[in-house]
Amino acid sequence: MDGSGQSIRRFLRAHYRGAVATLAAGDGVPYASVVHYACDQQGRPWFLFSDLAVHSHDLAADQRASLLVWEDGPDLMALPRATFLGRIARADPDPALEGRLMTLLPGAESYLDMPDFRFYRLECARVRWIGGFGSMGWLQSETDFLLPVARELELQEAAAVAHMNADHGDALADYWRMASGQTAGAPVRLLALDAEGMDLGCGSERLRLDFPSPVATPMQWREQLVAMARQARSPHP
């Protein structure tokens, strides 16, 4: 992570777990909890919280909050992480986005069947990023890392994902091998597509695979997916 908006956005998309810190209702003491999140097409984090959760009670009183995301490893101080500071508020995703969130948020289908779970969205004011020892800085606005995306991509994502899962299982297995260096031990599913890459699932494992360059149209999705399948099958990628 080099501190560019694209680098921070790709880091955020490559993960789905983090820690949210809220201000405790009553005394304002910071309270941190582990959460799942999923990014929309622009790269903004969304959550699915229970009304019973402590952080939900805190946010009802004060929306100020932060999300910390980190790279796992033996020496956390030497690895990338980023803190997204701003406000977390209730929000209602449109049907296209809700379908994406339901796929990317672990357990979302069972949670959303319960009457006390709601979607929340992080409106980021600034980002503190650390790429490792001696590499750190700030982004001072959400617009510095969010990606403008054509509405067509949002509307066509579900159809493109369904097509890949129905007709191109071999290509998905090839993408998994290219991203992980290992052959998948179970069928690979495409979870989501966005302008910058894809999210893959295999059993309980997940992988993020970025495109070489962002796409702007569904046709460019097809072009990137075909090119990456060829690359994955090449004996000299």
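For the structure, check the block above.
1. Some words on the pattern of salt bridges
Next, step 1: In this structure the tally under the stated criterion is 18 salt bridges.
Next, step 2: Where arginine 44 meets glutamate 142, a salt bridge forms, and the shortest distance between an N and an O atom there is 3.4 Å. Here arginine 44, found in the loop between β3 (38-39) and β4 (45-50), pairs with glutamate 142, found in the loop between β8 (135-139) and α5 (151-167); they are 98 residues apart in sequence, far enough to count as distant. Of the two residues, arginine 44 and glutamate 142, neither departs from the other in class, the shared state being buried.

2. Some thoughts on the packing of helix α6 (residues 169-180) against helix α7 (residues 218-233)
Next, step 1: Taken N-terminus to C-terminus, the directions of α6 and α7 make an angle of 65°; their axes are 9 Å apart at the nearest point. Considering only the axes of α6 and α7, their crossing is left-handed. Packed against α6, whose contacting residues are Asp170, Ala171, Asp174, Tyr175, Arg177 and Met178, the element α7 presents Leu225, Val226, Met228, Ala229, Gln231, Ala232 and Arg233 at the interface.
Next, step 2: A class-by-class count of the residues in the contact of α6 with α7 yields eight nonpolar, one polar and four charged.

So, how was this worked out
- Residues numbered from 1 in each chain as written.
- Predicted model: local features only at pLDDT ≥ 70, side-chain atom pairs only at ≥ 80, totals over all residues.
- Heavy atoms only, no water.
- Salt bridge = Lys/Arg side-chain N within 4 Å of Asp/Glu carboxyl O.
- Helix = DSSP H or I, 4+ residues; strand = E, 2+ residues; numbered from the N terminus.
- Buried < 20%, exposed > 50% of the residue type's maximum accessible area, 1.4 Å probe, protein only.
- Axes fitted to C-alpha atoms, helices over the stretch in contact; angles between N-to-C directions.
- Left-handed = near helix turned anticlockwise from the far one by under 90°.
- Contact = heavy atoms within 4.5 Å.
- Nonpolar A, V, L, I, M, F, W, Y, C, P; charged D, E, K, R; others polar.

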